[in-house]
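Here are the chains, one letter per residue:
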Amino acid sequence: MNGTIRVGNLFGIPFYIHPSWFLVLGLVTWSYSSGLAAQFPQLSAGLALLLGLMTALMLFASVVAHELGHSFVAMGQGIDVKSITLFIFGGLASLEKESKTPGEAFWVAIAGPMVSLLLCGIVTAIGVTTTVSGPLAAILGVLASVNLALALFNLIPGLPLDGGNILKAIVWKITGNPYKGVTFASRVGQIFGWVAILSGVLPLVLFGNAGNFWNLLVGFFLLQNAGNAAQFARVQEKLTGLTAEDAVTQDSPIVSASLSLREFADERVISGQNWHRFLVTDNDGQLLGAIAVDNLRSVPTAMWSETQVKEVMRPITESTTVQSDQPLLEVMQLLEQQKLSVLPVIRENGVLVGILEKAAIIQLLQSRTQPNPA
């Protein structure tokens, strides 16, 4: 999420807090401190506020534990967890990739609610089997009920909630198609989003009562994220089976390392080609580096005829290239993660195939979306 603040690591997982979390922390602290003060008048205002803050922090610790449940199961499947973020609606574990099978996806999804139910059971057992009373007993009751609510809410069968991911895994198992699972669970998530919005608006419209602001927020959250999940699933489905080589730009900007700068300028630059950066290959077609038009300025014009491209080119590291048989979906994600617009595509033996542009992937998607003429 944009604007998040990194506060450290949890078991090697980067941990972030969104600024909206502080607002919720303040509201929860005030709410529970007010409740404790009303329930136990003997508490001073300062102690009630301190207990309210402690309760709020324990509630958010429960949310973190919920997300760690997802994360540990994913890590057990060899999936990297990029981050855990706390924000206004709770928490979010960002995974590097999807599980390989519907069964694995199911266990990642259900792990969070299972942790919340386990915490509910542990806290309830502590409250029942010990002599804790007064404000501490009330706090334990809140922790148990909130963890139960967290588990049940997340089990609602619609994306982006855990129940939606469970439903996605079930549909994936039945149909054999993960994208159908995402599409179906996204639609269910959108239905629940509209239900939440209506439940927040109808009291105001029908009875003149104040609407439920939180229901509205949750509804819009579900609608937006379920729609985004469905859209991304459609993109994934269209890219399935395609490789990086399928999206390579025709007539990619490639020049020979033995070309003189004068020949390079005459044949490539002055001839009207609009490229500003060219890939450089040897006589066997292997990628050596890249040369930009601006690099010509580093050599006097009089020296262009006796200076070869390979003397001016800049090397390209292997990390900034992709293999020709690499799935196109992975390449698209790489472009997004590294904020790149183009990548060189090479074969396993190092021979250059051409360049792959983000724009070419978009055009490929559009062409696969258009209906075939009758």
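Worth saying up front: this structure is predicted, and the values here are computed from it rather than measured.

Caption draft 1: Broad picture of helix H4 (residues 134-154). A rise of 1.5 Å per residue sets the reference length of H4, with its 21 residues, at 30 Å; its end C-alpha atoms lie 31 Å apart and thus fit the reference within 8%. Every buried residue of H4 is accounted for by Pro135, Ala138, Ile139, Leu140, Val142, Leu143, Ala144, Asn147, Leu150, Ala151 and Asn154.

Caption draft 2: Highlighting the side chain of Glu67. Here Glu67 is to be found in helix H2 (residues 45-76). Lacking a salt bridge, the buried Glu67 has Lys168 as its closest oppositely charged neighbour, with an N-O distance of 13 Å. In this view, Glu67 contacts Ile84, Gly91, Leu92 and Ala93; residues no more than four positions away in its chain are not counted.

Caption draft 3: Molecular detail of the packing of H2 against H4. In the contact formed by H2 and H4, the axes pass within 10 Å of each other and the chain directions differ by 30 degrees. Between H2 and H4, the interaxial angle falls into the category roughly parallel. Crossing of H2 against H4: the hand is right-handed. Together, Leu51, Met54, Thr55, Met58, Leu59, Ser62, Val63 and His66 of H2 and Pro135, Leu136, Ile139, Val142, Leu143, Val146, Asn147, Leu150 and Asn154 of H4 make up the contact between the two elements. Along the lines of polarity and charge, the residues of the contact of H2 with H4 split into 12 nonpolar, 5 polar and no charged.

Caption draft 4: Spotlight on the sheet that holds strand E1 (residues 5-10). The strand order across the open sheet built from 4 strands is E1-E2-E3-E4, with neighbouring strands paired in mixed fashion. The open sheet has two edge strands, E1 and strand E4 (90-95), and neither has a second partner. Put simply, the sheet's adjacent strands are angled 25 degrees from each other on average, direction ignored. In this sheet, E4 lies alongside strand E3 (residues 81-87) in antiparallel orientation, the contact comprising 6 bridges. By the bridge assignment for E4, Phe87 is matched with Gly90.

Caption draft 5: How the structure looks around unusual backbone geometry. Of note, the amide linkage connecting Leu159 to Pro160 takes the cis form, showing an omega dihedral of 10 degrees. Tracing the sequence through the fold places Pro160 in the loop between H4 and helix H5 (162-175). Phi at Phe11 is positive, roughly 55 degrees, even though this residue is not glycine. Secondary-structure assignment places Phe11 in the loop between E1 and strand E2 (13-17).

Caption draft 6: Region of interest: the confidence of the model for the chain. When the pLDDT values of the chain are averaged, the result is 86; 93% of them are 70 or greater. Model confidence for the chain, summarised as mean pLDDT per element, is weakest for helix H10 (residues 358-369) at 74 and strongest for helix H3 (residues 102-129) at 95.

Caption draft 7: Up close: the sheet that holds strand E6 (residues 277-281). Strands sit in the order E5-E6-E7-E8 across an open sheet of 4 strands; the sheet is mixed. The sheet is open, and its two edges are formed by strand E5 (254-256) and strand E8 (314-315), each paired on a single side. Relative to E6, E5 runs parallel, the two being bridged by 3 bridges. By the bridge assignment, Ser256 is partnered in E6 with Thr281.

Conventions adopted
Residues numbered from 1 in each chain as written. Predicted model: local features only at pLDDT ≥ 70, side-chain atom pairs only at ≥ 80, totals over all residues. Heavy atoms only, no water. Helix = DSSP H or I, 4+ residues; strand = E, 2+ residues; numbered from the N terminus. Expected span 1.5 Å × (residues − 1). Buried < 20%, exposed > 50% of the residue type's maximum accessible area, 1.4 Å probe, protein only. Lys, Arg positive; Asp, Glu negative; His and termini not counted. Salt bridge = Lys/Arg side-chain N within 4 Å of Asp/Glu carboxyl O. Contact = heavy atoms within 4.5 Å. Axes fitted to C-alpha atoms, helices over the stretch in contact; angles between N-to-C directions. Parallel < 35°, antiparallel > 145°, perpendicular 65-115°, else oblique. Left-handed = near helix turned anticlockwise from the far one by under 90°. Nonpolar A, V, L, I, M, F, W, Y, C, P; charged D, E, K, R; others polar. Pairing = 2+ DSSP bridges. pLDDT = per-residue confidence, 0-100.

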